[in-house]
Amino acid sequence: MRINLEPIGIIKKAGKCSEILIYSDFEQLVKNMMSKLGGQNGDEHSLVVVHKNKVSDDLHQVQITKTHLIDRVGNILKVGKIDANDDSVIDVRLECNGLITREA
């Protein structure tokens, strides 16, 4: 079975951290995620990022990475170091109290 998924963003290396740029068409995803955080500090929460590994030769594989949220500026999420650069982001989910949230 072949499934084509449209990327919602891209991962960029940014010094000791990584940045996830969410495309403007999917900015509502970031707003929904941040509304679930409320006024809480982002460092207390983890993100689960599903992304396509650009250096992999296998077109059918994705990589799942768990990292922590550092900051958000608009549609850019600053996160802990991810071993990826220019990888297409397929999904980003917030983990609260050990549970991965789903979009309403």
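How each quantity is defined
Residues numbered from 1 in each chain as written. Predicted model: local features only at pLDDT ≥ 70, side-chain atom pairs only at ≥ 80, totals over all residues. Heavy atoms only, no water. Helix = DSSP H or I, 4+ residues; strand = E, 2+ residues; numbered from the N terminus. Buried < 20%, exposed > 50% of the residue type's maximum accessible area, 1.4 Å probe, protein only. Areas by Shrake-Rupley, 256 points an atom, 1.4 Å probe, with all protein chains shown as cover. Core = buried A, V, L, I, M, F, W, Y, C linked by side-chain atoms within 4.5 Å. Contact = heavy atoms within 4.5 Å. pLDDT = per-residue confidence, 0-100. Pairing = 2+ DSSP bridges. Polar contact = N/O pair within 3.5 Å; in protein donor to acceptor, adjacent residues only side chain to side chain. Patch = residues over 30% accessible without salt bridge, like charges linked within 9 Å, V, L, I, M, F, W, Y side chains within 5 Å. Salt bridge = Lys/Arg side-chain N within 4 Å of Asp/Glu carboxyl O.

Trainee: Would you take a moment to explain the overall build of the chain for this structure?
Mentor: In terms of helices and strands, the chain carries 1 helix and 7 strands. Sequence-ordered secondary structure for the chain, helices as α and strands as β, is β-β-α-β-β-β-β-β. In the chain, which comprises 104 residues, the proportion classed as buried is 38%. As displayed, the chain has an accessible area near 6,600 Å², and 49% of this comes from carbon and sulfur atoms.

Trainee: What am I meant to see in the nonpolar core here?
Mentor: Here is a general trend for soluble globular proteins: nonpolar side chains tend to be buried in one another's company. Grouped together as the largest cluster of nonpolar side chains are 19 residues, with contacts concentrated most on Ile20, Met33, Leu47, Leu77 and Val92. It is helix H1 (residues 27-37) that provides the largest number of residues to this core, a total of 5 residues. Once residues within four sequence positions are removed from consideration, Val92 is found in contact with Ile8, Ile22, Leu29, Met33, Leu47, Val48 and Leu77.

Trainee: What is the right way to look at unusual backbone geometry in this model?
Mentor: With glycine set apart, most residues show a phi of negative sign, and most peptide bonds adopt trans. Phi at Asp86 takes a positive value of approximately 65°, unusual for a residue other than glycine. Within the secondary structure, Asp86 is located in the loop between strand E5 (76-79) and strand E6 (88-96).

Trainee: Explain the confidence of the model for the chain to me, please; I cannot follow it from the model alone.
Mentor: Low pLDDT marks regions whose predicted coordinates should not be analysed in detail. In this model, the chain carries a mean pLDDT of 82, and residues with pLDDT of at least 70 account for 78%. Averaged pLDDT values over the elements of the chain bottom out at 61 in strand E7 (residues 99-100) and peak at 94 in strand E2 (residues 17-22).

Trainee: Could you clarify how one ought to interpret the pairing of strand E1 (residues 9-14) in this entry?
Mentor: Moving residue by residue along a regular strand, the side chains alternate between the two faces of the sheet. Sheet topology note: the E1/E2 ladder contains 6 bridges and is antiparallel. By the bridge assignment, Ile11 is partnered in E2 with Ile20. Turn length for the E1-E2 hairpin, with the two strands adjacent in sequence and antiparallel, is 2 residues, and the turn residue Gly15 shows positive phi of about 70°.

Trainee: Hey, could you run me through the side chain of Asp91 in this one?
Mentor: Residue placement: Asp91 occurs in strand E6. At 2.9 Å, the side chain of Asp91 forms a polar contact with the side chain of Arg93. In this structure Asp91 touches Ile8, Leu29, Val48, Val49 and Val50, once residues within four positions along its chain are discounted.

Trainee: Honestly, a nonpolar patch on the surface in this entry has me stumped. Any pointers?
Mentor: A contiguous nonpolar surface patch, about 210 Å² in accessible area, is contributed by Leu21, Tyr23 and Ile76. Its place among the elements puts Tyr23 in the loop between E2 and H1. Residue class for Tyr23 comes out partly exposed when judged on its relative accessible area of 32%.

Trainee: Before we go on, may I ask you to explain the pairing of E2 in this structure?
Mentor: Bridging between E2 and E5 involves 4 bridges; their strand directions are antiparallel. Paired with Ser18 across the bridge in E5 is Val79.

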